[in-house]
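Structural description and commentary
So the chains spell out like this:
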Amino acid sequence: MIYLYNHGGSGNHGCEAIVRSTISMAERPIVLFSQKPDQDLKYGLDNICKIQSDVNSTVKRGSMAWFVSSLQTKLTGKINWLVRFWKKDMLCKVSKNDVLLSIGGDKYCYAGTDIIAAINNNMRRKKAKLVLWGCSIEPELLEKEGIKKDIAGFDLITARESITYEAVKKVNKNTVLAADPAFTLERRNLPLPDGWIEGKMIGINASPLILQNAKNGVSVLDAYKELVRTILKTTDCSIALIPHVVWEDNDDRIPLTVLYDTFKDTGRVILLGDHNCMELKGYIARCRMFIGARTHSTIAAYSSCVPTLVLGYSVKSRGIARDIFGSDENYVIPVQGMQNINELADGFRWMLKNEANIRGDLTRVMPEYVQRAEIGKEELEKLME
């Protein structure tokens, strides 16, 4: 059996895109362990896979089992006990030789890696085969002994960009370079909303996460405002504000609504509502150009050959751009160092000046690049033999 785990819920449409594209590539029954099954049901993933909660549904916090596992964790200093309690339902379903794909590709870029390692260790106790699927990992994180040990224990790792690949293969020889599976995601074209001018829409995505990663979040929001002003002043294009994550505590619609309210009186700015990942890709694919913060919003643009500027904060943005264009210069603006509110506007001006060449490069490179996702599928099939 193939299981997908470390899935945070389809309110993050990048997570949804990974699930949909992976299932399509695998061409066999798959079970999705989800932290938020209600979100996956909302966006229709139950039509393509079986969805199960990855948390213990029978034993509650404060129960005797919870108390005992907490005490064991405190006494031993190991979080394995709490993980076995919270993830009991998931762990009980895993058997020897099952294949489990950890699809939280950038989980190691955030806090909680000790919990991830504990989950993986409990899977390994079951003699299951573990795959780290479509990952991005900052090379310096591999200097941490706990992360390095966990990464070394995977039976297969598919790195989605070459920076991660070069670092991880030194730790785990079972590492291959394969494009993010979401590059293969099908798009679904819905009717265009009022205010959408075909051939003259600039798509913009922003996220609260970039404001948190910047040294000065206000300057980043100001940079977005300056970007919109520049587009409105220097082109005859209109702007589509496109959310790609709608989690309650991490909702793209919050900064995008600020932008919409600021410029709505121009009559040239629209704010799209929530849609599933295929429908969002349909809108992004029909943009003339795209500026995005969420990785999978930019993957939707790249794979549709839309000239794209990325506001990045981690290795995944830099690595993907380098693999596509040979360099991330001019294609990725690192949010951590952003201080000048003109940086996004200047990046857009460069993209506008080089629009034809960028689109030509994408049209030439993308068919082969998308095909690289098949490398992951081939290696997965070998593991299952």
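My aim in this report is to walk through the structure given alongside it, one point at a time. Since the model is a prediction, treat every value here as computed from it, not as a measurement. (Residues numbered from 1 in each chain as written. Predicted model: local features only at pLDDT ≥ 70, side-chain atom pairs only at ≥ 80, totals over all residues. Heavy atoms only, no water.)

1. Examining the nonpolar core
Core analysis: the largest hydrophobic core is formed by 77 residues, its most contacted members being Phe-183, Tyr-224, Tyr-302 and Leu-344. The contact partners of Tyr-302, leaving out residues within four places of it in the chain, are Phe-183, Thr-308, Val-310, Ile-320, Ala-321, Ile-324, Phe-325, Leu-362 and Met-366. If you look at the next biggest cluster of nonpolar residues, it comprises 26 residues, including Leu-91, Ile-119, Ala-128 and Ile-151. (Core = buried A, V, L, I, M, F, W, Y, C linked by side-chain atoms within 4.5 Å. Buried < 20%, exposed > 50% of the residue type's maximum accessible area, 1.4 Å probe, protein only. Contact = heavy atoms within 4.5 Å.)

2. Overview of the environment of Asp-106
Within the secondary structure, Asp-106 is located in the loop between strand S4 (99-102) and helix H6 (113-125). For the pair formed by Asp-106 and Gly-134, sequence separation is 28 residues and the distance between their alpha carbons is 8.5 Å. (Helix = DSSP H or I, 4+ residues; strand = E, 2+ residues; numbered from the N terminus.)

3. Re the sheet that holds strand S1 (residues 2-7)
Within a beta sheet, neighbouring strands are joined by backbone hydrogen bonds and run either parallel or antiparallel to one another. The 7 strands are arranged S3-S2-S1-S4-S5-S6-S7 in an open sheet whose pairing can be described as parallel. If you trace the sheet from one side to the other, it starts and ends with strand S3 (50-53) and strand S7 (175-177), each paired once. Taking the axes of each pair of neighbouring strands and ignoring which way they run, one obtains an average angle of 20° across the sheet. Across 4 bridges, S1 lies against S4 in parallel orientation. Note on S4: the bridge partner recorded for Leu-4 is Leu-101. Contacting S1, strand S2 (30-34), S4 and strand S5 (129-135), helix H1 (residues 13-26) runs over the sheet at an angle of about 170° to S1. (Pairing = 2+ DSSP bridges. Axes fitted to C-alpha atoms, helices over the stretch in contact; angles between N-to-C directions.)

4. Quick notes on the side chain of Glu-161
The residue Glu-161 is located in the loop between strand S6 (156-159) and helix H8 (162-168) in this model. Buried and unpaired, Glu-161 has no salt bridge, with Arg-160 as the nearest side chain of opposite charge at 5.3 Å. Looking at Glu-161, its side chain comes within polar contact range of the side chain of Ser-136, at 2.9 Å. Not counting the four nearest positions on each side in its chain, Glu-161 is found in contact with Cys-135, Ser-136, Ile-137, Leu-177, Val-315, Lys-316, Gly-319, Ile-320 and Asp-323. (Lys, Arg positive; Asp, Glu negative; His and termini not counted. Salt bridge = Lys/Arg side-chain N within 4 Å of Asp/Glu carboxyl O. Polar contact = N/O pair within 3.5 Å; in protein donor to acceptor, adjacent residues only side chain to side chain.)

5. With respect to the sheet that holds strand S8 (residues 201-204)
On the basis of which strands lie adjacent, the open sheet formed by 6 strands has the order S12-S9-S8-S13-S14-S15 and parallel pairing. Strands at the two margins of the open sheet, each flanked by one partner only, are strand S12 (269-271) and strand S15 (332-334). With strand direction ignored, the average angle separating the axes of adjacent strands in the sheet is 15°. Sheet analysis places S8 next to strand S13 (residues 289-292), joined by 3 bridges and oriented parallel. Bridge pairing in S13 places Ile-202 opposite Met-289.

6. With respect to the side chain of Thr-158
Along the chain, Thr-158 falls in strand S6. Side-chain polar atoms of Thr-158 contact the backbone nitrogen of Gly-134, separated by 2.7 Å. Excluding anything up to four places from it in sequence, Thr-158 contacts Leu-132, Trp-133, Gly-134, Cys-135, Val-176, Ala-178 and Gly-376.

7. Quick look at helix H13 (residues 295-302)
Burial of H13 is extensive: 8 of the 8 residues sit out of reach of the surface. Listed in full, the buried residues belonging to H13 are Thr-295, His-296, Ser-297, Thr-298, Ile-299, Ala-300, Ala-301 and Tyr-302. In this structure, the buried residues of H13 make contact with H1, helix H12 (277-285), S13, strand S14 (308-312), helix H14 (315-325) and helix H16 (355-371).

8. Thoughts on the environment of Thr-158
A residue is classified by how much of its surface remains accessible, and Thr-158, at 3% relative accessible area, is buried. Along the sequence, Thr-158 and Ile-375 sit 217 residues apart, while their C-alpha atoms lie 8.5 Å from each other.

9. Remarks on the pairing of S13
Of the two faces of S13, the one carrying Met-289 and Ile-291 and the one carrying Phe-290 and Gly-292 are both buried. Alignment of S13 against S14, held across 3 bridges, turns out to be parallel. When the sheet's bridge partners are listed, Ile-291 is paired in S14 with Leu-309. As a crossover connection, the stretch from S13 through H13 into S14 is right-handed. (Right-handed = clockwise from strand over helix to strand, strands pointing away.)

10. Re the packing of H16 against helix H17 (residues 373-384)
Between H16 and H17, whose axes approach to 4 Å, the crossing angle comes to 15°. Compared by their axis directions, H16 and H17 come out roughly parallel. Mapping the contact onto sequence places Tyr-369, Val-370 and Gln-371 in H16 and Ala-373, Glu-374 and Ile-375 in H17. Counted by class, the contact of H16 with H17 contains 4 nonpolar, 1 polar and 1 charged residues. (Parallel < 35°, antiparallel > 145°, perpendicular 65-115°, else oblique. Nonpolar A, V, L, I, M, F, W, Y, C, P; charged D, E, K, R; others polar.)

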